[in-house]
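# Secondary and tertiary structure notes
What follows is each chain in one-letter form.
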Amino acid sequence: MSNSEFWNKRALTFGHTGWANYSIYAFDQLARLKALESILTKLTIESGLALDFGTGSGDFARMLSKTFEKVIAFDTSEEVIAIGKNQSGHILNIQFCTGSSVMDVEISDSSLDLILSVTVLGHLMDDNLLHSHLQFFKNKLTNNGQIIALEYTPPNKIPQSEYQKFLTFSEWQDAFSENGFILDDCYGFYSPTEASCNSYDKYRGYLIVKILRIFQRFEWPRNKLAIVAKKSVNDNDDYFWPNESNDLLKIMVYKKS
Ligand SMILES: C[S@@+](CC[C@H](N)C(=O)[O-])C[C@H]1O[C@@H](n2cnc3c(N)ncnc32)[C@H](O)[C@@H]1O
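Figured I'd write up the structure that's included with this text. Predicted model, so just to flag it, every value in this text is computed and none were measured.

## Some details on the packing of helix α5 (residues 127-140) against helix α6 (residues 169-178)
Where α5 contacts α6, the axes come no closer than 9 Å and their chain directions differ by 50 degrees. Put simply, α5 runs oblique to α6. Remark: the crossing between α5 and α6 carries right-handed chirality. Here Leu-130, His-131 and Leu-134 of α5 come into contact with α6, specifically with Ala-175, Phe-176 and Glu-178.

## Regarding the site of the ligand
Among the 21 residues in the neighbourhood of the ligand, the closest are listed as Trp-7, Thr-17, Gly-54, Gly-56 and Ser-77. Elements supplying a minimum of two residues to the shell around the ligand: α1 (3-14), α3 (59-64) and β2 (70-75).

## Focus: the packing of helix α8 (residues 207-214) against helix α9 (residues 220-234)
It is the contact of α8 with α9, at a shortest axis distance of 10 Å, that shows an interaxial angle of 150 degrees. With respect to their mutual orientation, α8 and α9 come out roughly antiparallel. In the crossing of α8 with α9, the sense of the turn from one axis to the other is left-handed. For the pair α8 and α9, contact is made by Ile-208, Val-209 and Leu-212 and by Pro-221, Lys-224, Leu-225 and Val-228, respectively. Broken down by class, the residue content of the contact of α8 with α9 amounts to six nonpolar, no polar and one charged.

## Observations concerning helix α7 (residues 198-205)
Residues of α7 that are buried include every one of Ser-199, Tyr-200 and Tyr-203, and no others. Each buried residue of α7 sits inside an arc of 100 degrees when the element is viewed along its axis, so together they form one side. More than 90 degrees from the buried face of α7, the exposed residues found are Asn-198, Asp-201 and Gly-205. Looking at the packing, one finds that the buried side of α7 touches α2 (22-40), α8 and α9.

## Details of the nonpolar core
Within the largest apolar cluster, 68 residues are counted, with the highest numbers of intra-cluster contacts made by Ala-50, Ile-115, Leu-116, Phe-189 and Ile-251. The element that contributes the greatest number of residues to this core is α2, accounting for nine residues. Those residues in contact with Ile-115, other than ones at most four positions away along the chain, are Leu-51, Phe-53, Phe-137, Leu-141 and Ile-147.

## Points about the pairing of strand β5 (residues 141-152)
The side chains of a regular strand alternate between both faces of the sheet. Here β5 lies mainly inside the structure; nine of its twelve residues are buried. The pairing of strand β4 (residues 112-118) with β5 spans six bridges and is classified as parallel. Among the inter-strand pairings, Leu-114 is bridged to a residue of β5, identified as Gln-146. You can see the chain leave β4, run along α5 and come back into β5, and the turn it takes is right-handed. Pairing analysis gives seven bridges linking β5 to strand β8 (residues 249-256), with the strands arranged antiparallel. Each bridged residue has a counterpart across the sheet, and for Tyr-152 the counterpart in β8 is Leu-249.

Parameters at a glance
Residues numbered from 1 in each chain as written. Predicted model: local features only at pLDDT ≥ 70, side-chain atom pairs only at ≥ 80, totals over all residues. Axes fitted to C-alpha atoms, helices over the stretch in contact; angles between N-to-C directions. Helix = DSSP H or I, 4+ residues; strand = E, 2+ residues; numbered from the N terminus. Parallel < 35°, antiparallel > 145°, perpendicular 65-115°, else oblique. Left-handed = near helix turned anticlockwise from the far one by under 90°. Contact = placed C-beta atoms within 7 Å. Near = placed C-beta within 6 Å. Nonpolar A, V, L, I, M, F, W, Y, C, P; charged D, E, K, R; others polar. Buried ≥ 20, exposed ≤ 12 C-beta atoms within 10 Å, placed from the backbone. Arc of directions from axis to C-beta. Core = buried A, V, L, I, M, F, W, Y, C linked by C-beta atoms within 7 Å. Pairing = 2+ DSSP bridges. Right-handed = clockwise from strand over helix to strand, strands pointing away.

Spatial relationships are all this shows, so hold off on functional conclusions.
What follows is the structure, encoded as structure tokens:
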């Protein structure tokens, strides 16, 4: 199965390309949004043009559209782009686009103030593809522009899966540095399955969540799970923290070197 067939199938099955397990997705996607929204407020970049690379169903593009004049939301899966467009009909400053590569999208050099990649770069399985994307990003970013990448960053090498590369933190830094970037800021991020946090454990421990999880293959429990997850995420911020050496996932903020 090709990369885009894999993601198209997930989009058609789940309505998005995030965690397949909805009770995980409900909390995790919100935690990612909250953490990134908070980190964005600390950046001193212009708020003109942003690219959400591998936008999926567009949650992060919609978040960026509140701050940036225009957001380009690109994904190689045409099925998930159709879902993203459908969910963003009322928002006029997002340009959804799809194709075999973001490098085919017409973007002027030195025009992007921000590039966001939420668990996408780690799916570029070929080293050359990762490097060509980072080169492309370097050309398209303004001099003051930044890239935020949320990725798996295991402290020690773990085997890659069919669709996930699992670069270590130091391998990410090497890849970015070889393409003209330097790490500017960094945060650890929890993992629902392997490096949990108190607020997630508490959410999963609620009786209502335990019951709703049993029926989550149906549509009706999902809104209810989303409400409980929203409260758990909004009332806490323990799902991200200042960079530590052994974070399984990190939110890395790079600037041009
Ligand atoms: C784990 S999902 C993350 C989606 C979205 N960023 C989010 O967090 O909701 C990875 C996404 O990357 C997309 N993708 C995979 N390879 C890509 C590529 N070469 N260029 C752009 N998008 C890609 C997939 O179609 C999928 O939507």
